[in-house]
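Per-entry structural report
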Amino acid sequence: FLWRSFEYLEGRGGWVSPSVAAGLAIWLHLSGLFLLPSLLWLHWTVMGDVREAVRRFVWSVALAALPGVLFLVALFVVSAHADLARGWQIANEMLGNSADEHARRWWVRLPGGAPSAGTDYVLLSIPHVKYLANALWVLAPAALPVVLGLLVTAPRRLVATPAARFVASCVAPLVIYTLAVRPMWGPFDWDLFAMTALLLAVLALCGLDATLPSPDRSASIAALVAFQLLFVGAPFVAMGVLSSGAAGPFEQRLFHPSMADTGRTPMGEVIPWL
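Quick look at the structure, then.

**A closer look at the packing of helix α2 (residues 16–28) against helix α4 (residues 50–77)**
At a minimum axis distance of 7 Å, the contact between α2 and α4 shows a crossing angle of 40°. Judged by the angle between their axes, α2 and α4 are oblique. As for the relative orientation of α2 and α4, their crossing is right-handed in sense. Of the residues in α4, those touching α2 at V16, S19, G23, L24, I26 and W27 are S60, L63, A64, P67, G68 and F71. Along the lines of polarity and charge, the residues of the contact of α2 with α4 split into eight nonpolar, four polar and no charged.

Here is the structure:
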């Protein structure tokens, strides 16, 4: 999606491929829906006319809907009715329309409510911020510090080019998504906001590219990539291939589906990690 959007922005490609790529992202994970506003910004930048941009955006949304619609049709054709029913149940839970007393809460709660248990986070409470900091550290540790640093010291450099402004139009809705969606599995849900972390990293690169002189730019970006690989990436991959031990919340026996239930106190060993 990013690659095709950059080509379209630079006049080296059309608008169909980024629209289809956005649709594939949505089909893979519903967080892709938050890329759609960036398509509107993209058309407006390229075309320079609001009405024409809105008209083309409507066509883009129609194209982006195709992968998901075709997938649902395929499920119906192969009689996967149980999967369709489960999807409908989850959709109703997400929209708050479920009558099931055991329906899961899909969104973090606003401040001022009763204290929450388990992963029923309150917006920007200490447990919520702790989860977000841990997740972004695992996914892209340099991204948020660089973006915040540039916002304070050189905000205009962060969006100095059309490409950077496009990336910012991707990041803004994803930040809202990241703050609003409830990570039901707590620390086990570290990958839920992978798209947000990736786009924040790209925005950080855009800002560094516009801020640092050429020699410093290459060295700084190389250092950040090396930091990611050596101190986060490589150890995390190694954890997946080495023999496991009973340590932290990732010990196999501590993971239980009841963590996602609303209002239920989790197992004592997991509580410190929430």
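**With respect to a nonpolar patch on the surface**
A cluster of nonpolar side chains, contributed by V16, V20, L24, W27, L28, F71 and L72, occupies part of the molecular surface with about 650 Å² of accessible area. Mapped onto the nonpolar patch, the elements with two or more residues apiece are α2 and α4. When residues in the nonpolar patch are grouped by element, the largest group, five residues, is from α2. With respect to the helices, strands and loops of the structure, V16 is situated in helix α2.

**A few points about the pattern of salt bridges**
What the rule picks out here adds up to six salt bridges. The residue R12 makes a salt bridge to E10 at a minimum N-O spacing of 2.7 Å. According to the relative accessible area criterion, R12 is exposed, its value standing at 54%. Between R105 and D120 there is a salt bridge, with the nearest N and O atoms lying 2.9 Å from each other. Of this pair, R105 sits in the loop between α5 (81–95) and α6 (126–139) while D120 sits in the loop between α5 and α6, and the two are 15 residues apart along the sequence. Overall, the relative accessible area of 32% leaves R105 in the partly exposed class. The class of D120 is buried, set by a relative accessible area of 4%. One connected set of salt bridges, linked through shared partners, spans R105, R109 and D120.

**Describing the nonpolar core**
Judged by nonpolar contacts, the single largest core of 47 residues is most densely connected at F1, L39, Y131, F166, V167, F193 and L199. Residue assignment for this core shows that the elements contributing at least two residues are α1 (2–9), α2, α3 (36–47), α4, α6, α7 (143–153), α9 (162–180) and α10 (194–211). It is α10 that contributes the most residues to this core, eight residues altogether. Setting aside residues up to four positions removed in sequence, Y131 forms contacts with Y121, P183, G186, D189, W190, L192 and F193.

**With respect to the packing of aromatic side chains**
Across all of its chains, the model carries ten aromatic pairs by this definition. Ring-pair connections join several aromatic residues into one group, and the members of that group are F34, Y121, Y131, Y177 and F193.

**Some thoughts on the environment of V181**
Mapped onto the elements, V181 comes out in the loop between α9 and α10. Separated by 102 residues in the primary sequence, V181 and S79 have C-alpha atoms spaced 31 Å apart. Ignoring sequence-local partners within four residues, the contact set of V181 consists of W106, W107, V108, L192 and F193.

**Quick look at the environment of L9**
With respect to the element layout, L9 can be found in helix α1. Looking at L9, the relative accessible area reads 17%, which means it is buried. C-alpha of L9 to C-alpha of F166: the two residues are 157 residues apart in sequence and 8.8 Å apart in space. If we ignore the near neighbours within four places in the chain, the residues touching L9 are W41, L42, T45, V46, P162, A163 and F166.

Here is what the cut-offs are and how they apply
Residues numbered from 1 in each chain as written. Predicted model: local features only at pLDDT ≥ 70, side-chain atom pairs only at ≥ 80, totals over all residues. Heavy atoms only, no water. Axes fitted to C-alpha atoms, helices over the stretch in contact; angles between N-to-C directions. Helix = DSSP H or I, 4+ residues; strand = E, 2+ residues; numbered from the N terminus. Parallel < 35°, antiparallel > 145°, perpendicular 65-115°, else oblique. Left-handed = near helix turned anticlockwise from the far one by under 90°. Contact = heavy atoms within 4.5 Å. Nonpolar A, V, L, I, M, F, W, Y, C, P; charged D, E, K, R; others polar. Patch = residues over 30% accessible without salt bridge, like charges linked within 9 Å, V, L, I, M, F, W, Y side chains within 5 Å. Areas by Shrake-Rupley, 256 points an atom, 1.4 Å probe, with all protein chains shown as cover. Salt bridge = Lys/Arg side-chain N within 4 Å of Asp/Glu carboxyl O. Buried < 20%, exposed > 50% of the residue type's maximum accessible area, 1.4 Å probe, protein only. Core = buried A, V, L, I, M, F, W, Y, C linked by side-chain atoms within 4.5 Å. Phe/Tyr/Trp six-rings, centres within 6.5 Å; stacked < 30°, edge-to-face > 60°.

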